[in-house]
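Inside the fold
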Amino acid sequence: MSYFQFGAAEEALRADDWALAREFFDWHPDMEHIIADWERPDGLKVSWLNWYHATVNPDHAPKAEPLPDVTVPVLQLYSMNDPYIGPEQLITGREFIKGPFTLKRIGGAGHFIARNAPDVFNREVIKWLGDRESERLGN
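The following refers to the structure shown. Because the structure is a prediction, the values reported are computed rather than measured.

Some details on the pattern of salt bridges
Enumeration over the complete set of coordinates arrives at nine salt bridges. Between Arg115 and Asp30 there is a salt bridge whose closest N-O contact spans 2.5 Å. Residue Arg115 is found in helix α4 (residues 113–116), and its partner Asp30 is found in the loop between α1 (8–24) and α2 (31–38); the two are separated by 85 residues along the sequence. Arg115 gets classed as partly exposed once you look at its relative accessible area, which sits at 38%. By relative accessible area, which is 23% here, Asp30 ends up partly exposed. Three or more residues are tied together by salt bridges with common partners; here these are Asp17, Arg22 and Glu32.

Structural data, given as structure tokens:
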């Protein structure tokens, strides 16, 4: 993530017919569509790279008060095959969740669970939301 903070990242991702991007995202099922989107004028900058520029750059992070603890129910879906988020990161932030917490580990999906395993993703989210509605209604 830190690499994408540097201006050279855009040029490096585009080089050699997107060789670095293709290697980095080799598991993504829509890679050709994504590259077509990135090839629009400023496409890479406004669609994906800018997200990293806006959210993770510690030199530009606004100073803010800590957010309150999360007290509502939380569902976390984790792909056991995520190449970028390791299982050790499942613990990060848990100390701020004070409400009911459900963790579902999804096998066979990549970084974008909803895209890589839509049937499993949809089933788990719909079931979880249904359970919350049943609790709300007292069933």
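Focus on the side chain of Asp82
Following the sequence through the fold, Asp82 ends up in the loop between β1 (74–79) and β2 (101–106). The buried charged residue Asp82 lacks any salt bridge, with Arg105 as its nearest oppositely charged partner at 12 Å. Side chain to side chain, Asp82 and His111 meet in a polar contact 2.9 Å long.

Looking at helix α5 (residues 118–137)
Between its terminal C-alpha atoms α5 stretches 28 Å, which fits the 28 Å expected from 20 residues at 1.5 Å a residue. Just downstream of α5, Gly138 is the residue with a positive phi angle, here 80 degrees.

Observations concerning the packing of aromatic side chains
Enumeration according to the criterion identifies two aromatic pairs in this entry. An angle of 40 degrees between the planes, with centres 5.5 Å apart, marks the rings of Trp18 and Trp38 as tilted. Taken together, the residues span a long stretch of sequence, with Trp18 in helix α1 and Trp38 in helix α2 at a distance of 20 residues. Considered together, Trp18 and Trp38 belong to a single accessibility category, that of buried residues. Centroid distance Phe24 to Tyr84: 4.7 Å. Interplanar angle 35 degrees. Geometry classified as tilted. With Phe24 in helix α1 and Tyr84 in the loop between β1 and β2, the pair connects residues that are 60 residues apart, well separated along the chain. You can call Tyr84 partly exposed: its relative accessible area is 30%. Taking NZ or CZ as reference, Arg94 lies 3.6 Å from the ring centre of Phe101, over its face.

Rules behind the numbers
- For every chain, the first residue of its written sequence is number 1, and the numbers climb from 1 along that sequence.
- The model is predicted, so local features are restricted to residues of pLDDT at least 70 and side-chain atom pairs to those at 80 or more, both for listing and for counting; the totals for chains, interfaces and linings are taken over all residues.
- Hydrogens and waters are ignored; side-chain quantities use all the structure's heavy atoms.
- A carboxyl oxygen of Asp or Glu within 4 Å of a side-chain nitrogen of Lys or Arg is what we treat as a salt bridge.
- Helix and strand definitions follow DSSP, with helices as H or I runs of at least four residues and strands as E runs of at least two, each counted in order from the N terminus.
- A simple rule labels every residue: compare its accessible area, found with a 1.4 Å probe on the protein chains alone, to the largest value its type can have, and call it buried under 20%, exposed over 50%, or partly exposed in between.
- The charge count treats Lys and Arg as positive and Asp and Glu as negative. His and the chain ends do not count.
- Nitrogen and oxygen atoms within 3.5 Å of one another constitute a polar contact, given that in protein one can donate a hydrogen and the other can accept it, and given that sequence-neighbouring residues count only through two side-chain atoms.
- Each residue after the first adds 1.5 Å to the expected span of a helix.
- The aromatic pairing rule takes the rings of Phe, Tyr and Trp, using the six-membered ring of Trp, and pairs them if the centres are within 6.5 Å, calling planes under 30 degrees apart stacked, those over 60 edge-to-face and the rest tilted.
- We count a charge as sitting over a ring when the NZ of a lysine or the CZ of an arginine lies within 6 Å of the ring centre and within 35 degrees of the ring normal.

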